[in-house]
Amino acid sequence: LLTLINDTIRLSELDMTEKTIEFEDIDLYELAENCVSMLQINAEKHQVFLSLFGSSCPVCANKGMMEELLYNLCDNALRYTEAGGKVGVTVGKEENEAVITVSDTGIGIPPEDLDRVFERFYRTDKSRSKETGGAGLGLSIVKHAVSYLGGRISLDSAQGIGTTFKVYLPKDPEDHSDD
Ligand code: ATP
Ligand code: MG
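In this text the structure is predicted, and so the values were computed from the model without any measurement. (Residues numbered from 1 in each chain as written. Chains lettered and ligands numbered in written order. Predicted model: local features only at pLDDT ≥ 70, side-chain atom pairs only at ≥ 80, totals over all residues. Heavy atoms only, no water.)

## Considerations on the pattern of salt bridges
Keep this limit in mind: Any carboxyl oxygen of Asp or Glu within 4 Å of a side-chain nitrogen of Lys or Arg constitutes a salt bridge here. A run of H or I in DSSP counts as a helix once it spans at least four residues, and a run of E counts as a strand once it spans at least two, with each numbered from the N terminus. When accessible area is computed with a 1.4 Å probe and restricted to protein chains, residues below 20% of their type maximum are described as buried, those above 50% as exposed, and intermediate ones as partly exposed.
By the definition in use, this model includes 4 salt bridges. Here E97 makes a salt bridge to R152, at a shortest N to O gap of 2.8 Å. Taken together, the residues span a long stretch of sequence, with E97 in strand β5 (residues 97–104) and R152 in strand β6 (residues 152–158) at a distance of 55 residues. Judged by its relative accessible area of 22%, E97 is partly exposed. For R152, a relative accessible area of 43% puts it in the partly exposed group.

## Examining the pairing of strand β7 (residues 162–170)
The line we're drawing: Strands are labelled as partners when DSSP assigns at least two bridges between them.
Bridge count for β5 against β7 is 8 bridges, and the pairing is antiparallel. Along β7, the bridge assignment pairs V102 with F165. Taken together, the 7 bridges between β6 and β7 define a ladder with antiparallel strand orientation. Paired with A158 across the bridge in β7 is G162.

## So, the nonpolar core
The criterion, for reference: Think of a nonpolar core as a cluster: buried Ala, Val, Leu, Ile, Met, Phe, Trp, Tyr and Cys residues, connected wherever their side-chain atoms sit within 4.5 Å. Contacts between residues were defined by any pair of non-hydrogen atoms, one from each residue, lying within 4.5 Å.
Within the largest apolar cluster, 46 residues are counted, with the highest numbers of intra-cluster contacts made by L28, L50, M66, L69, L73 and I100. Of all the secondary structure elements, the ones that give two or more residues to this core are α1 (2–16), α2 (28–45), β3 (58–61), α3 (63–79), β4 (86–94), β5, α5 (138–148) and β7. Excluding residues that lie within four positions of it along the chain, L28 makes contacts with C57, V59, M66, V91, A98, I100 and L169.

## Concerning the site of ligand 1
Short version of the rule: Here a residue counts as near a molecule or strand whenever at least one of its heavy atoms sits within 4 Å of it. Contacts described as polar in this section are N or O atom pairs within 3.5 Å, which, within protein, must combine one atom able to donate a hydrogen with one able to accept it, while residues neighboring in sequence count only if both atoms come from side chains. Per-residue and other accessible areas follow the Shrake-Rupley method at a 1.4 Å probe size, with only the shown protein chains counted as cover for residues. By the convention adopted, Pro, Cys, Tyr, Trp, Phe, Met, Ile, Leu, Val and Ala count as nonpolar, Lys, Arg, Asp and Glu as charged, and the other residues, Gly among them, as polar.
Among the 22 residues in the neighbourhood of ligand 1, the closest are listed as Y80, R123, T124, L137 and L139. At 2.4 Å, a side-chain N or O of R123 approaches an oxygen atom of ligand 1. Contact distances for ligand 1 include 2.8 Å between an oxygen atom and a backbone N or O atom of L137. For ligand 1, whose accessible area on its own is 600 Å², the fraction buried by protein is 97%. Sorting the residues of the shell around ligand 1 by element identifies α3, α5 and β7 as the ones contributing at least two each. For the shell around ligand 1, the element with the highest residue contribution is α3, accounting for 3 residues. Considering only residue class, the shell around ligand 1 consists of 10 nonpolar, 8 polar and 4 charged.

Here's what the structure looks like:
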């Protein structure tokens, strides 16, 4: 319940938007490293192999929002992947965008639910989701953050095979490292 309350407060903070949320230069790879090391114990407990790929990737974004986004995507990937499965987090650049990919070999999302998982409180397959105990808010927070930061998100999933979320963010205009 406490998680639910915290998530709801965070959602309403995101709803307020503007002014209060600061943009700063951050390295997505560093944030992903922190997130992956924070979740490593959790992954080991569930016997899921969690790995990080990619390299330094500067963006101008809100740090707290990016941490939240990474955490929610990785938490889902671990939660909806069975023992022996894998979760991979990749940070990289494509054209003018920074891209975070969170991929898992988990249970997948039924095709009819693909459009709905970003809705608040929406969870697939109630019985199975129930024992994992979420509120159905993680992805709505992710979607909010992505749109606030001027990015977009894609979702690919096949039941019993796995799921891939890709978040595209505008690249830091100051970064000329691959010019
Ligand atoms: P919360 O994140 O609030 O603790 P939650 O994980 O159920 O709860 P969301 O993160 O919004 O909520 O996800 C919504 C639903 O989408 C999940 O209940 C699950 O059914 C499905 N889902 C999300 N990510 C994955 C994934 N990687 N693999 C399979 N299903 C997923
Ligand atoms: Mg979640």
